[in-house]
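Residue-level structure breakdown
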Amino acid sequence: GVTGGQSLFFEMFLFIGSIVSKKDFDGFKKLFHRFLQVKGPSVDWPKIHRPPEDSIQPYDKIAALPLPDSLADSLNKLVVVKLNGGLGTSMGCKGPKSLISVRNENTFLDLTVQQIEHLNKKYNTDVPLVLMNSFNTDEDTKKILQKYTHHRVKIHTFNQSRYPRINKESLLPVATDIGMMGENADVWYPPGHGDIYASFYNSGLLDQLITEGKEYIFVSNIDNLGATVDLNILHHLVSQPNGKRCEFIMEVTDKTRADVKGGTLIQYDNKLRLLEIAQVPKAHVDEFKSVTKFKIFNTNNLWISLGAIKRLQEQNAMDMEIIVNPKTLDGGQNVIQLETAVGAAIKSFDNALGINVPRSRFLPVKTVSDLLLVMSNLYSLEAGSLTMSQKREFPTTPHVKLGSSFTKVQEYQTRFESIPDMLELDHLTVSGDVTFGKQVSLKGTVIIIANHGDRIDIPAGTILENKIVSGNLRILDH
């Protein structure tokens, strides 16, 4: 007979099958099935080893090889893919995160287009941009794409899958009908960026690009401003001898204390494998976070062979661990969403390689504190690329913590009349009701704390060097 679990399963699928596309249905069915079979953490801790020396190459070694006279051939084999499924909610913004202004009125998407256009003009190439949208971002993104029609970069989009969130206890979907709007909007979710392989393949775009002679994709998060096309890594990829063709490169960088949660590369069953904090048994979480045992983390800048993706999809051999992401809906209902991560598939590809890149290739803008850094004079902008200013004496980025009065981009914009000079800043903490006048300069360690009910206005032109400012300071127009 049919077990209780299975009959539940059938009922659920009859229901879901009636309201989502066939491809989404098949994908979710596969994922849910695997979820029911997996018990406990997906790694056996004693089997984890440090990756062998040659499997993670230092960037300097790769950059030392001379580049060929013609880079156009290599560039014409490349497609840039940006993960564009996320909303700007963590920064208090509506709509796609990629449409938030980051620098001189340029959005994340503007900067990406400028970078690729610059490459295409400089080398006379045709590197296309592909955006992986989600149902949350697709409509708004497509509207904005019209403004790039006269730019020298072809832009394609495809959509991530749309899966149902399931009740944590009953494991039944919380969806009641297909309607996305209103109260049902939060019963669906895009299943993480590991979904790129199936969605890209199913969209027909992958085959189209292969037909056009494209061989590799460079994938990164659209909010990582350091993820520019690197000609040294590209050359390394295309110059490998045929028998040893590298199908997957993961850019990793050295962990700092701020990165203890990032996924790391390990050797497991003789394969390079991405280990995420969610897969670590509770007893070993502290060990995972230690900077001594796991020295690097995944930047999610990935270089992947298109032919290999096609092969693995057709063989149904793409193997990614399931990430179970618990959420609480507005009504208080506990749900789980099943996700996968794009980097987790590294173990399915041949001759995979990690490259330990400089920290400058990892510049994610996740919070308003990050935004302050990239808008400041710490960085200079050229052809859509941000680089650390030559005038900064040491290469590390300052540590910036803006309090809860700054969490939304709108609030933040009203609190800074102009972005302070931060070239010599090490650490900034701001808490409470604080505003900054024009041309303030911050150096060393600066801590500004306005207690509840107080307000601190930093006057225009102030220079604060190694100062703690507290109490109440009001500056009113006379």
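Residues numbered from 1 in each chain as written. Predicted model: local features only at pLDDT ≥ 70, side-chain atom pairs only at ≥ 80, totals over all residues. Heavy atoms only, no water.

1. Considerations on the sheet that holds strand 15 (residues 323-328)
One open sheet holds the three strands; their spatial order is 8-16-15, and the pairing between them is antiparallel. Each edge of the sheet is formed by a strand with only one pairing partner; in this case those strands are strand 8 (166-167) and strand 15. Sheet topology note: the strand 15/strand 16 (residues 334-339) ladder contains six bridges and is antiparallel. Residue pairing for strand 16: Ile323 is matched across the bridge by Glu339. The sheet contacts of helix 2 (residues 22-37) involve strand 8, strand 15 and strand 16, and relative to strand 16 the element is tilted by about 110°. (Pairing = 2+ DSSP bridges. Helix = DSSP H or I, 4+ residues; strand = E, 2+ residues; numbered from the N terminus. Contact = heavy atoms within 4.5 Å. Axes fitted to C-alpha atoms, helices over the stretch in contact; angles between N-to-C directions.)

2. With respect to the packing of aromatic side chains
Applying the stated criterion to the full structure yields 14 aromatic pairs. Measuring from centroid to centroid gives 6.2 Å for Trp45 and Phe294, while their planes differ by 75°, and the two rings are edge-to-face. Taken together, the residues span a long stretch of sequence, with Trp45 in the loop between helix 2 and strand 1 (56-58) and Phe294 in the loop between helix 10 (285-289) and strand 14 (296-305) at a distance of 249 residues. We classify Trp45 as buried; its relative accessible area is 10%. By relative accessible area, Phe294 is classed as buried at 5%. One aromatic cluster is present, formed by Phe28, Phe32, Phe35, Tyr163 and Tyr189 through successive ring pairs. The ring of Phe288 carries Lys255 above its face, with NZ or CZ at 5.0 Å from the centroid. The ring of Tyr268 is capped by Arg273, whose NZ or CZ atom sits 4.4 Å from the centre of that ring. (Phe/Tyr/Trp six-rings, centres within 6.5 Å; stacked < 30°, edge-to-face > 60°. Buried < 20%, exposed > 50% of the residue type's maximum accessible area, 1.4 Å probe, protein only. Lys NZ or Arg CZ within 6 Å of the ring centre and 35° of its normal.)

3. Things to note about the sheet that holds strand 10 (residues 216-221)
Strand order in the open sheet made by the eight strands is 1-17-11-14-10-2-5-6, with mixed pairing throughout. For this open sheet the edge positions go to strand 1 and strand 6 (155-159), each flanked by a neighbour on one side alone. On average, each strand axis in the sheet is inclined to that of its neighbour by 25°, with strand direction left out of account. Where strand 2 (residues 78-84) lies against strand 5 (residues 129-133), five bridges are found, and the strand directions are parallel. Residue pairing for strand 5: Leu83 is matched across the bridge by Met132. Across the sheet, helix 9 (residues 231-238) touches strand 2, strand 10, strand 11 (248-254), strand 14 and strand 17 (353-356), and the angle it forms with strand 11 is around 145°.

4. A short note on the UniProt feature "binding site: substrate" (unreviewed entry) in the protein chain
In this structure's numbering, the residues bearing the UniProt feature "binding site: substrate" (unreviewed entry) are His193. By the secondary structure assignment, His193 is in the loop between strand 9 (188-189) and helix 7 (196-202). Setting aside anything within four residues of it in sequence, one finds His193 in contact with Leu83, Met132, Gln160, Asn221, Asn300, Thr340, Ala341 and Val342. (UniProt positions renumbered as here; feature names shortened; annotations may be inferred.)

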